[in-house]
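What follows is each chain in one-letter form.
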Amino acid sequence: MNDASLLLDVSARIATVTLNRPHKRNALDRVLAVEVPRVMAELGARTDVDAIILTGADPSFCAGLDLVDAIAPGGLLHGPPRPTELFAPVPMPVIGAINGATFTGGLELALACDWLIASEHATFADTHARVGVHPDGGLTVRLPQRVGVARARQMSATGERVDAHTALAWGLVNEVVAHEDLLPRCRALAAAVTKADRAALHRILATYRAHEEAHEADAFVREHAAVVHAAGDGYDGASVAARRDTLLHRDSGPPPTK
């Protein structure tokens, strides 16, 4: 897979997938919206991969949707809302290596991972309400599972940033490590995964996911219905862009995302 906006390395049964648009803070454009689920599905079918690490090129993990791309004709904010899954579940664990800013759509991408390890530089925010769009990647389902309903509501209502150590205290991430130790720590965890019996591990993870799906199914349907209702004939791109620009010029609060 040679697309420059998404890098893939497979070594010692560990796949590392890197969002590679650092000049755009790894924001999701039309290419990444297709490539991320495609590459994850391909990795899920490989017999030489036991664990996946998902990260971003420094200094960000993912700042959400690329609004310039999204509001252009044919962009992601036009037409019918996209599916709630940013990538379909895979049999092996996906470890999110959160190296920096993780906002809105990027937060949804992180929440799709099995667990998160954060650099001390990591920050998290949900700015959907600030820019005037509805979550469509499972945030209203998965964020309260990680941090609790009250904290999820706080994040969505305020759009305020949550730093790495607060994210650890809230249960959003499993560990916080020095920035330079992030990928080595994630690779060490992935290496531990490779020592498990592959079939047994896949069965155990599938059982976890079956339990989650039993509780999540109706919630995903409700979120998607809300997205369809909010989208109508398409988001007002000019309004979304104006809100994005307002955020850009504020002294506080996260940068623009979807």
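Residues numbered from 1 in each chain as written. Predicted model: local features only at pLDDT ≥ 70, side-chain atom pairs only at ≥ 80, totals over all residues. Heavy atoms only, no water.

Undergrad: Looking at this structure, how should I read the pairing of strand E2 (residues 14-19)?
TA: Each regular strand carries side chains that alternate between the two faces of the sheet. Burial analysis of E2 places 6 of its 6 residues in the buried class, which makes it a mostly covered element. Of the two faces of E2, both are covered, the one formed by Ile14, Thr16 and Thr18 as well as the one formed by Ala15, Val17 and Leu19. Judged from the 6 bridges that link them, strand E1 (residues 6-11) and E2 form a sheet pairing that is antiparallel. Within E2, the residue paired with leucine 6 across the bridge is leucine 19. The hairpin formed by E1 and E2 contains 2 residues between the paired strands, and alanine 12 there has a positive phi angle of roughly 55 degrees. Of the strand pairs in this sheet, E2 and strand E3 (residues 51-56) are connected by 6 bridges, and their pairing is parallel. Bridge pairing in E3 links leucine 19 to glycine 56. Since E2 and E3 lie parallel, the crossover through helix H1 (residues 30-45) that links them has a hand, and here it is right-handed. (Buried < 20%, exposed > 50% of the residue type's maximum accessible area, 1.4 Å probe, protein only. Helix = DSSP H or I, 4+ residues; strand = E, 2+ residues; numbered from the N terminus. Pairing = 2+ DSSP bridges. Right-handed = clockwise from strand over helix to strand, strands pointing away.)

Undergrad: Mind showing me how you'd approach the confidence of the model for the protein chain here?
TA: Note that predicted coordinates carrying low pLDDT should not be read in detail. Mean pLDDT over the protein chain stands at 86; residues scoring 70 or higher make up 76%. Taken as a whole, residues 251-258 scores under 50 in pLDDT and shows 40 contacts with residues more than four places along the chain or in a different chain. (pLDDT = per-residue confidence, 0-100. Contact = heavy atoms within 4.5 Å.)

Undergrad: Is there a simple way to explain unusual backbone geometry in this structure?
TA: When glycine is set aside, most residues are seen to have a negative phi, and most peptide bonds are trans. Residues aspartate 58 and proline 59 are joined by a peptide bond in cis, for which omega reads 15 degrees. Structurally, proline 59 is set in the loop between E3 and strand E4 (60-62). Despite not being glycine, threonine 104 has its phi angle at roughly 55 degrees, a positive value. Relative to the assigned elements, threonine 104 resides in the loop between strand E6 (101-103) and helix H3 (105-111).

Undergrad: Hey, could you run me through the nonpolar core in this one?
TA: In this structure, Ile52, Leu109, Phe124, Leu143 and Leu172 are the most contacted members of the largest nonpolar core, which totals 44 residues. Here this core takes 5 residues from H1, the largest share from any one element. Contacts of leucine 143, omitting those with residues within four sequence positions, involve Leu107, Leu111, Gly148, Ala152, Met155 and Leu172. Counting 14 residues, the second largest nonpolar core, distinct from the first, contains Ile95, Ala97, Ile117 and Leu189. (Core = buried A, V, L, I, M, F, W, Y, C linked by side-chain atoms within 4.5 Å.)

Undergrad: What's the story with the pattern of salt bridges in this structure? I'm lost.
TA: Evaluation of the coordinates by the stated rule reveals 9 salt bridges. The salt bridge partner of glutamate 175 is arginine 185, with a shortest N-O separation of 2.8 Å. Here glutamate 175 is found in strand E10 (residues 175-177), whereas its partner arginine 185 is found in helix H8 (residues 182-194), with 10 residues between them in sequence. Residue glutamate 175 is classed as partly exposed on the basis of its relative accessible area of 25%. (Salt bridge = Lys/Arg side-chain N within 4 Å of Asp/Glu carboxyl O.)

Undergrad: Explain the sheet that holds E6 here, please?
TA: In a beta sheet, neighbouring strands are held together by backbone hydrogen bonds and run either parallel or antiparallel to one another. Taken together, 4 strands build an open sheet; the order of strands is E4-E6-E8-E9 and the sheet is mixed. Each edge of the sheet is formed by a strand with only one pairing partner; in this case those strands are E4 and strand E9 (162-163). Bridge count between E6 and strand E8 (residues 123-125): 3 bridges; the pairing is parallel. Its bridge partner lying in E8, phenylalanine 103 is registered against alanine 125.

Undergrad: Sorry, what's going on with the state of the cysteines here?
TA: Cysteine pairs can be covalently joined through their sulfur atoms, and such a bond is termed a disulfide. Tallied over the full model, the rule gives 0 disulfides. Considering cysteine sulfurs only, cysteine 186 is the nearest to cysteine 113, which forms no disulfide, with 9.7 Å between them. (Disulfide = S-S within 2.5 Å.)

Undergrad: It is not clear to me how the sheet that holds strand E7 (residues 115-119) should be interpreted in this structure. Could you clarify?
TA: Pairing in this open sheet of 6 strands is mixed, and the strands run E1-E2-E3-E5-E7-E10 from one edge to the other. Pairing within the sheet leaves two strands with one partner each, and these edge strands are E1 and E10. For this sheet, the mean inter-axis angle between neighbouring strands, taken without regard to orientation, is 20 degrees. Here 4 bridges tie E3 to strand E5 (residues 94-98), and the two strands are oriented parallel to one another. When the sheet's bridge partners are listed, leucine 54 is paired in E5 with glycine 96. Contacts from H1 reach E1, E2, E3 and E5 within the one sheet, and its direction differs from that of E1 by about 15 degrees. Along the sheet, H8 contacts E2, E3, E5, E7 and E10; its crossing angle with E7, the most-contacted strand, is approximately 155 degrees. (Axes fitted to C-alpha atoms, helices over the stretch in contact; angles between N-to-C directions.)

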